[in-house]
Structure formats: structure tokens, C-alpha cells
Amino acid sequence: MGHEDRGQPAPDVSREHRFVADAMLGRLARWLRFLGFDTLYYPHISDSRLVRIAMEQERTILTRDTGLVKRKGIREHVLLVHASDPFEQLVEVKDALHLSESSPLSRCVACNGLLDGVTDKSDIKDSVPDYVFLKVDAFFRCRECGRVYWEGSHPKLFKKKLRGLFNH
């Protein structure tokens, strides 16, 4: 994952782009988190609660719900996503909001928490498969849920798919 100070948290360079995704955009939320964007997602959230969270936390609502976009007073805080494919949704959000910064692999894709480098890999020995523990040196743990990450085949595949999207 390449963060120099393995014991320090990765910088959250995308503070200005904070999102809350509606129930139809869970996979888009994971893509955005993978890229380091602060993205809340609740699979069973009501529209009124979604709007309240967006307003209270100054987040952009990402939705496929045309009715939600038409609500008075929130139009400037909502982006209607047209694409059905999650990667196409990501491209759509990037283009619509002119996203240019990202900090890949700095957020937990499961809960949105920030990841910290693990300084002593023996701390996570029981959290990863034995072959991963033996072959990988850099691990990251979510501050919120404790999930452990490492750069294996999934992040490499995602990075390959994202090459060029943010001029990386």
C-alpha cells in the first residue's frame, strides 16, 4: 500500500469530498471508500434520515432515487447517479464532482473507518491466514471495526482497473 510511516495513519486527503450513499449504491460506496473518500452507507436508511445526515455532516448525497433529488432545499447537496454498473457509477461521480484527489487504501471498505499501519505484525497473526502472515510484511487495521487489510490480489486488481481514472 506504500504508506511510508507504517505506524501512522494514512492521510485523509479527500476531506472536501464527503458522501452519504443511499440504499441502492452500496457497491459504489465501497469503491469510494477503497479510493479513500469518506463515504457513509446504511443499507436500510430512510430518505429523511439520509437527508438529515447529509445536512448535519455536510455530505453530498449520492442517489439513484429521482424523487429524492426533487426535494426542496437539498438540490445542491444531491447527485443523481444514472449508471447501474458500480464502476460506471464511480466514473459518473468522479466526472460530475471533478474528483481529483484520492488516498487509496486509507479507509475500511466495510465500515468507512480510517486504516492505521500495523507496526508489529505479530499483533494480527490470528486475524489473517497463515500463508498471508508469512508472505506479507505490511498490514493495515481499521480503527473502528478492527478489520485487517494487506495488499494482496484484490487491491492490485482494483488498482489495475482504476489506472488512469485519477491520473495515477
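My aim in this report is to walk through the structure given alongside it, one point at a time. This one's a predicted model, so the numbers in the text were calculated from it and none came from an experiment.

1. A closer look at the sheet that holds strand β4 (residues 78-80)
Spatially, 4 strands are ordered β2-β1-β3-β4 in an open sheet, and the strand pairing comes out parallel. Lying at the two open borders of the sheet, with one neighbouring strand each, are β2 (38-41) and β4. If you compare each strand with its neighbour and ignore which way they point, the axes differ by 25° on average. Each of β1 (18-21), β2 and β3 (60-63) touches helix α2 (residues 47-57); the most contacted strand, β1, lies at about 175° to it.

2. With respect to the pattern of salt bridges
By the definition in use, this model includes 6 salt bridges. For the salt bridge of D38 with R59, the shortest nitrogen-to-oxygen distance reads 3.0 Å. Note that D38 is positioned in strand β2 and R59 in the loop between α2 and β3, a separation of 21 residues in sequence. Relative accessible area serves as the criterion here: at 9%, D38 is assigned to the buried category. Owing to a relative accessible area of 5%, R59 belongs among the buried residues under this scheme. Residues D137 and K121 are paired through a salt bridge, measuring 3.7 Å at the closest nitrogen-oxygen approach. On the criterion of sequence distance, the pair formed by D137 in the loop between α5 (130-135) and β6 (139-142) and K121 in the loop between β5 (115-117) and α5 is long-range, its members being 16 residues apart. Residue classification places D137 among the exposed positions, given a relative accessible area of 56%. Residue K121 is classed as partly exposed on the basis of its relative accessible area, which comes to 21%. A single network of salt bridges, built from pairs that share partners, joins R18, D38, R59 and R107.

3. What about the sheet that holds strand β7 (residues 148-150)?
Spatially, 3 strands are ordered β5-β6-β7 in an open sheet, and the strand pairing comes out antiparallel. Each having just a single partner strand, β5 and β7 make up the two edges of the open sheet. Sheet twist, expressed as the average angle between the axes of neighbouring strands with direction ignored, equals 35°. Judged from the 3 bridges that link them, β5 and β6 form a sheet pairing that is antiparallel. What sits directly across from L115, in β6, is C142.

4. Things to note about helix α4 (residues 86-97)
The terminal C-alpha atoms of α4, which comprises 12 residues, lie 16 Å apart, in line with the 16 Å expected from a rise of 1.5 Å per residue. A side-chain oxygen of the first residue of α4 lies 3.1 Å from the backbone nitrogen of F87; this N-cap is D85. After α4 finishes, the residue H98 shows a positive phi value of roughly 55°.

Cut-offs used in this document
Residues numbered from 1 in each chain as written. Predicted model: local features only at pLDDT ≥ 70, side-chain atom pairs only at ≥ 80, totals over all residues. Heavy atoms only, no water. Pairing = 2+ DSSP bridges. Helix = DSSP H or I, 4+ residues; strand = E, 2+ residues; numbered from the N terminus. Axes fitted to C-alpha atoms, helices over the stretch in contact; angles between N-to-C directions. Contact = heavy atoms within 4.5 Å. Salt bridge = Lys/Arg side-chain N within 4 Å of Asp/Glu carboxyl O. Buried < 20%, exposed > 50% of the residue type's maximum accessible area, 1.4 Å probe, protein only. Expected span 1.5 Å × (residues − 1). Polar contact = N/O pair within 3.5 Å; in protein donor to acceptor, adjacent residues only side chain to side chain.

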